[in-house]
Amino acid sequence: MATPLGARRTARPATTHPLPATGARRQVLAGARVVLPTGTVADGRVTIEGTKIAPEAPHGAPQGALVDVSGHWLVPGFVDLHNHGGGGASFSGSAEDVLKALHTHRLHGSTTVVASTVTDDMDVLVRQAGLLSELAEQGDLAGIHFEGPFISPCRKGAHSEALLRDPDPAEVRKLIDAARGRARMLTLATELPGGLDSVRLLAEHGVIAAVGHTDATYEQTVQAIEAGATVATHLFNAMPPLGHRAPGPIAALLEDERVTVELINDGTHLHPAALELAFRHAGPSRVAFITDAMDAAGIGDGRYLLGPLEVEVSEGVARLVEGGSIAGSTLTLDRAFRRAVTVDRIPVEDVVAALSANPARLLGVDDSVGSLEPGKDADLVLLDEDFELKGVMRKGVWVLDPQLA
């Protein structure tokens, strides 16, 4: 999403670690509090065989390599619906950049990531869709999210106004076709000319229509939901505030059970009361935590470019140099998890749903990721008692070695 100005910082080295060399493909992580769809199991066990979570071996059968993770939490790998980059690289860049950004977020627990683009010329977006679709076909990415260019200039945020356009269904179809079946979501201002027809087109092709960067009224947002929109892009941000006479899109998106609401829980994008309002009104099954991360995630402060726009990252907050608008985030989902539990006091099980199960279900990949169940990919995150990240596994391979000392 952005390119750092000046010298590029060095991300953490890209290393992976296979199962212990014990001769057995089976590994048992034992002693942790394991968060399952049915609740948390104290002193639980997760059995891994190859790339998958396996049923626990019957009594008397070989148990495999035992890893004692007592005093820790085991939760499913995180699923990020909305992410523009990290580690000094962007999902709008080269294949090398995409993989670098992806690895940065895997080191922070995001084992399933949708690559989000940012507003640009249509030809540029079409070319990028082709590159990202290849990486999705290889299993690196979970698909593509187009954020812009079909958004409102009134609520453009950190998108270049000169590149915005109305959502012409023919151009929307062009992006869908360029993604070769890997388009997962498109954010648009549905009140613009062609907006509702574009929502219907997206729904017909199995692509999530997300309401965002919008100046829509309550009534216009209801129309969009009826047409097939099912996601609120970073709810509260880049849309009219909730009003008592003009409730706007926020009320419509919160009240409809068909809509999943994205939330950026970094302490900057949302006041804790707004977060609580969303959880209380939508319920834990309709919330998805996202990062909306840009290049600086996992690196730190400095000057960056967001398309043609210059961004200053200071104390972890990214803002446009001109105008001061928030320009994405530097968030990683392990930090969103810890803040949700320790600051917002949300139950761990609800946080896990918002980070894993809900986005996996929305993407239609919950048969393979999003929960710690036999037959699913061995994607998991190890946290200590203070909810600090201590290990990440993806498809049975340690992306970040367990830190158990």
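Our subject is the structure that appears above.
As the structure is a computational prediction, the values presented were derived from the model and not from experiment. (Residues numbered from 1 in each chain as written. Predicted model: local features only at pLDDT ≥ 70, side-chain atom pairs only at ≥ 80, totals over all residues. Heavy atoms only, no water.)

(A) Structural detail: the environment of Gly 298. Among the structural elements, Gly 298 can be located in the loop between β16 (287-289) and β17 (302-306). The exposed category is assigned to Gly 298, whose relative accessible area is 52%. Separated by 193 residues in sequence, Gly 298 and His 105 have C-alpha atoms that sit 7.8 Å apart. (Helix = DSSP H or I, 4+ residues; strand = E, 2+ residues; numbered from the N terminus. Buried < 20%, exposed > 50% of the residue type's maximum accessible area, 1.4 Å probe, protein only.)

(B) Region of the structure containing the packing of aromatic side chains. For the structure on display, the rule yields four aromatic pairs. Among the aromatic residues, ring-to-ring pairing joins Trp 73, Phe 78, Phe 337 and Phe 387 into one connected group. (Phe/Tyr/Trp six-rings, centres within 6.5 Å; stacked < 30°, edge-to-face > 60°.)

(C) The pattern of salt bridges, seen in detail. For the coordinates displayed, the defined rule picks out 18 salt bridges. A salt bridge links Glu 49 to Arg 26; the shortest N-O distance between them is 2.7 Å. Taken together, the residues span a long stretch of sequence, with Glu 49 in strand β3 (residues 39-49) and Arg 26 in strand β2 (residues 26-36) at a distance of 23 residues. Among the residues examined, Glu 49 registers a relative accessible area of 34% and is labelled partly exposed. Across the pair Glu 226 and Arg 258 runs a salt bridge whose closest N-O atoms are separated by 2.8 Å. Of this pair, Glu 226 sits in helix α5 (residues 218-227) while Arg 258 is found in the loop between α6 (248-255) and β15 (260-263), placing the two residues 32 residues apart along the sequence. On the basis of relative accessibility, which here comes to 54%, the residue Glu 226 falls in the exposed class. By relative accessible area, which is 44% here, Arg 258 ends up partly exposed. Overlapping salt bridges, with partners in common, bring together Lys 52, Asp 377 and Lys 395 in one network. (Salt bridge = Lys/Arg side-chain N within 4 Å of Asp/Glu carboxyl O.)

(D) Here's a closer look at the packing of helix α3 (residues 169-178) against helix α4 (residues 195-204). Here α3 crosses α4 at 30°, and the two axes come no closer than 9 Å. Compared by their axis directions, α3 and α4 come out roughly parallel. The two elements α3 and α4 cross, and the hand of that crossing is right-handed. Residues Pro 169, Val 172, Arg 173 and Ile 176 of α3 touch α4, and the partners they reach there are Asp 197, Ser 198, Leu 201 and Leu 202. Among the residues making up the contact of α3 with α4, the classes are represented as five nonpolar, one polar and two charged. (Axes fitted to C-alpha atoms, helices over the stretch in contact; angles between N-to-C directions. Parallel < 35°, antiparallel > 145°, perpendicular 65-115°, else oblique. Left-handed = near helix turned anticlockwise from the far one by under 90°. Contact = heavy atoms within 4.5 Å. Nonpolar A, V, L, I, M, F, W, Y, C, P; charged D, E, K, R; others polar.)

(E) Structural view of the sheet that holds strand β11 (residues 144-147). The strand order β7-β10-β11-β12-β13-β14-β15-β16 describes an open sheet built from eight strands, whose pairing is parallel. Among the strands making up the open sheet, the edge pair consists of β7 (78-83) and β16. As judged from the four bridges shared by β11 and strand β12 (residues 183-188), these two strands associate in the parallel manner. Pairing of Ile 144 across the sheet is with Ala 183, part of β12. Strands in contact with helix α9 (residues 348-363) are β7, β10 (110-117), β12, β13 (208-211), β14 (231-232), β15 and β16; relative to β7, the strand with the most contacts, it is inclined by about 70°. (Pairing = 2+ DSSP bridges.)

(F) View of the packing of helix α2 (residues 122-137) against α3. Packing of α2 against α3 brings their axes to within 8 Å, and their N-to-C directions diverge by 25°. By the angle class used here, α2 and α3 are roughly parallel. For the pair α2 and α3, contact is made by Met 122, Asp 123, Leu 125, Val 126, Ala 129, Gly 130 and Ser 133 and by Glu 171, Lys 174, Leu 175 and Ala 178, respectively. For the contact of α2 with α3, a count of residues per class yields six nonpolar, two polar and three charged.

(G) Geometry of the nonpolar core. Leu 141, Leu 235, Leu 263, Phe 289 and Phe 337 are the most contacted members of the largest nonpolar core, which has 92 residues in total. Here this core takes seven residues from α9, the largest share from any one element. Ignoring sequence-local partners within four residues, the contact set of Phe 289 consists of Val 79, Leu 263, Asn 265, Leu 275, Phe 279, Leu 333, Ala 340, Ile 346, Val 351, Ala 354 and Leu 355. Of all hydrophobic cores here, the second largest spans 15 residues; its members include Ala 32, Ile 53, Val 69 and Leu 382. (Core = buried A, V, L, I, M, F, W, Y, C linked by side-chain atoms within 4.5 Å.)

(H) Seen up close, the side chain of Thr 119. Within the element layout of this structure, Thr 119 appears in the loop between β10 and α2. Only 2.7 Å separates the side chain of Thr 119 from the side chain of His 159, close enough to count as a polar contact. Those residues in contact with Thr 119, other than ones at most four positions away along the chain, are Glu 147, Gly 148, Pro 149, Ile 151, His 159, Ser 160, Leu 163 and Leu 164. (Polar contact = N/O pair within 3.5 Å; in protein donor to acceptor, adjacent residues only side chain to side chain.)

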